[in-house]
Amino acid sequence: MARLLLQNHANFKLSGAPVRFMFYKVGMWIDFSREIVASLCSCFLDRTSAIDMVIEGSNYHFDFLGMLQIHLGAGNQRSIAWIDEQVSSSYRHGVMPKRHCIKDSKLENPRWPNTKLLREEENAYTIVRSIFLRGIRKIHPGAIIATIHQCSRMRPLEKAHREIFSKQIEITKAARGTSNMVYAWFGGSAQAIAGVLAHGFSVAGKLSGSDANAAGVRLSPLANPFRSAMQSKADDNGEKHMILCRVILGNVEKVEASSQQYYPSSSEFDTGADDPTNPNWYVVWSTNISRHILPDCVVSFKSSANKQADLGGFALTKYTFAELFSKIKCSLPPVKVQECITLYNSLKDGKISKDIFIKQFRLVAGEKVLLSAIREICGSE
């Protein structure tokens, strides 16, 4: 402790005028307001090691040597830090709650908006990692997690989204007897993921391609992230990204994977699924997106799966429909076979684009069946 105080004292004496003051809360560093920074800087430049301030009606004591902000009424305390103007922005002072020196990574902006990076030793990281890998490795045995970010909900907009979601749980429970809230996965491009985290799922419905379905947002059940992984697109680092969400299902109606249904068939239903009793996919209609889905965290991962067998757009466009269909038709139930034929006819008639056909074909046939078919074709080439 003595060594730490001496180091903090040296930092305090050598520092130039601070350009940022921050406090540590909920696993992340947050900037003080300009007014508070101005008051702290005035005291700091006078080399006064402590100052008492009134903030929003509460009395606080700031200790620059101890790197603490103390609530004088409740006795609570939290760590503070600053960045001065005489050194690069990577030179930071302060301590973390466990009294270790600040690591640079703690002050870096997370990759995704309105999130914080989880550490591997955190309980939330361990739980999400276990669930994700157990599901994704059903198809991609070599999948590894790069990072997990948790939604922080610090800004008014994110807090409002959470309040709306909580209110919708109450409304659905009152109307249906249960909210039927579940966890589910959403997969998309890095651009789509960032858009959802910054502005909410209303953005997803405006995106084209595999990021969202025209009729709403498709999500896969908690145990089957590999299905939403089909909707993800690898970024320049070879990473794919998925959002783990809380979803209010309410009453669920049956909706075929190839359906172009845009809204519930009646007021008795809230969401859809390909099989309400054993779903592969959930559908949240565009009219309910903002109230029925709440992002929880983002999982970024890499897969060592054979690229030739990867079910990206290239793999499915490399082979003709006839080649793939001849291999998969015996593995699908009659209703799925007919859906595939209907989709192909819609493509030939110009009713749907090639991108939509590929996406819907993957949903109907399923990745496991298509992967097996592509491997079989590859083996015969």
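Residues numbered from 1 in each chain as written. Predicted model: local features only at pLDDT ≥ 70, side-chain atom pairs only at ≥ 80, totals over all residues. Heavy atoms only, no water.

### A closer look at the overall build of the chain
Across its full length, the chain holds 13 helices and 16 strands. Out of the 381 residues belonging to the chain, those deemed buried represent 48%. The contacts in the chain between residues at least 6 apart in sequence include a share of 65% that link residues at least 24 apart. Total accessible area on the chain is roughly 18900 Å²; 52% of this is exposed by carbon and sulfur atoms. (Helix = DSSP H or I, 4+ residues; strand = E, 2+ residues; numbered from the N terminus. Buried < 20%, exposed > 50% of the residue type's maximum accessible area, 1.4 Å probe, protein only. Contact = heavy atoms within 4.5 Å. Areas by Shrake-Rupley, 256 points an atom, 1.4 Å probe, with all protein chains shown as cover.)

### A short note on the state of the cysteines
Under the counting rule described, the total for this entry stands at zero disulfides. Lacking any disulfide linkage, Cys 245 is separated from the closest cysteine sulfur, that of Cys 151, by 8.0 Å. (Disulfide = S-S within 2.5 Å.)

### Focus on the packing of aromatic side chains
A full pass over the atoms with the stated rule returns eight aromatic pairs. Here Phe 21 and Phe 64 contribute two aromatic rings whose centre-to-centre distance is 5.9 Å and whose plane-to-plane angle is 40°, an arrangement assigned as tilted. Here Phe 21 is found in strand 1 (residues 18-25), whereas its partner Phe 64 is found in the loop between strand 4 (58-63) and strand 5 (68-71), with 43 residues between them in sequence. The exposure classification of Phe 21 matches that of Phe 64, with both residues buried. Taking the centre distance of 4.9 Å and the plane angle of 55° together, the rings of Phe 23 and Phe 32 count as tilted. Just as Phe 23 is buried, Phe 32 falls in that class too. Through a chain of ring-to-ring contacts, the aromatic side chains of Phe 21, Phe 64 and Trp 82 assemble into a single cluster. When the ring centre of Phe 23 is taken as reference, the NZ or CZ atom of Arg 78 above it lies at 3.8 Å. (Phe/Tyr/Trp six-rings, centres within 6.5 Å; stacked < 30°, edge-to-face > 60°. Lys NZ or Arg CZ within 6 Å of the ring centre and 35° of its normal.)

### What to know about the sheet that holds strand 9 (residues 144-151)
Two orientations exist for strands paired in a sheet by backbone hydrogen bonds: parallel and antiparallel. A sheet is described by the order of its strands in space; here nine strands give the open sequence 8-9-16-12-10-11-15-14-13, paired in mixed fashion. Of all the strands in the sheet, the pair left with one neighbour each is strand 8 (115-117) and strand 13 (252-254). Taken over all neighbouring pairs, the strand axes of this sheet differ in orientation by 35° on average, direction set aside. One ladder, built from two bridges, connects strand 14 (residues 271-273) with strand 15 (residues 282-285); its direction is antiparallel. In the sheet register, Gly 272 faces strand 15, and the bridge partner there is Val 283. Taken strand by strand, helix 4 (residues 123-136) contacts strand 9, strand 10 (181-188), strand 12 (240-248) and strand 16 (293-302), and its axis lies near 130° from that of strand 9. Contacts from helix 6 (residues 190-199) reach strand 8, strand 9, strand 10, strand 12 and strand 16, with the element oriented near 40° to strand 12. (Pairing = 2+ DSSP bridges. Axes fitted to C-alpha atoms, helices over the stretch in contact; angles between N-to-C directions.)

### With respect to the side chain of Thr 172
Here Thr 172 lies in helix 5 (residues 156-176). Classification of Thr 172 by relative accessible area gives buried; the value is 3%. Not counting chain neighbours up to four residues away, the residues in contact with Thr 172 comprise Gly 177, Thr 178, Ser 179, Ile 248, Gly 250, Asp 270 and His 292.

### A few points about the pattern of salt bridges
Under the definition given, this model contains eight salt bridges. Between Arg 119 and Glu 122 there is a salt bridge whose closest N-O contact spans 3.9 Å. One connected set of salt bridges, linked through shared partners, spans Arg 111, Asp 235 and Glu 239. (Salt bridge = Lys/Arg side-chain N within 4 Å of Asp/Glu carboxyl O.)

### With respect to the nonpolar core
Within the largest apolar cluster, 21 residues are counted, with the highest numbers of intra-cluster contacts made by Phe 186, Phe 201, Leu 219, Ile 243, Cys 245, Val 247 and Ile 293. Here Phe 201 is in contact with Phe 186, Val 196, Val 217, Cys 245, Ile 289, Ile 293 and Pro 295, once residues within four sequence places are set aside. One finds Leu 40, Ile 51, Met 53 and Phe 64 within the second-largest nonpolar core, a separate group that totals 20 residues. (Core = buried A, V, L, I, M, F, W, Y, C linked by side-chain atoms within 4.5 Å.)

### Overview of helix 2 (residues 34-45)
Counted at 1.5 Å a residue, the expected span for helix 2 with its 12 residues is 16 Å, and the 16 Å between its end C-alpha atoms agrees. Within helix 2, the full set of buried residues consists of Ile 36, Val 37, Leu 40, Cys 41, Cys 43 and Phe 44. An end-on view of helix 2 places all buried positions within 165° of arc, on one side of the element. The outward face of helix 2, more than 90 degrees from its buried face, is lined by the exposed residues Arg 34 and Glu 35. Among the residues trailing helix 2, Arg 47 stands out with phi positive, at a value near 60°. (Expected span 1.5 Å × (residues − 1). Arc of directions from axis to C-beta.)

### Topic: the confidence of the model for the chain
Confidence along the chain averages 78 in pLDDT terms, with 78% of residues attaining 70 or more. Looking at the elements of the chain, mean pLDDT is at its lowest for helix 3 (residues 104-107), recorded as 37, and at its highest for strand 12, recorded as 95. Scored below 50 in pLDDT, residues 87-108 makes 52 contacts in the model with residues more than four places away or belonging to other chains. A low-confidence stretch, residues 203-214 (pLDDT under 50), is modelled with 24 contacts involving residues beyond four sequence positions or located in other chains. (pLDDT = per-residue confidence, 0-100.)

### Considering helix 4
The end-to-end C-alpha separation of helix 4 is 20 Å, in line with the 20 Å expected for 14 residues at 1.5 Å each. Among all positions of helix 4, only Tyr 125, Val 128, Phe 132, Leu 133, Gly 135 and Ile 136 are buried. Down the axis of helix 4, the buried set is contained in an arc of 160°. They therefore lie on one face. Among the exposed residues of helix 4, those pointing more than 90 degrees away from its buried face are Asn 123 and Arg 134. Residues of helix 4 that are buried make contact with strand 9, strand 10, helix 7 (225-229), strand 12 and strand 16.

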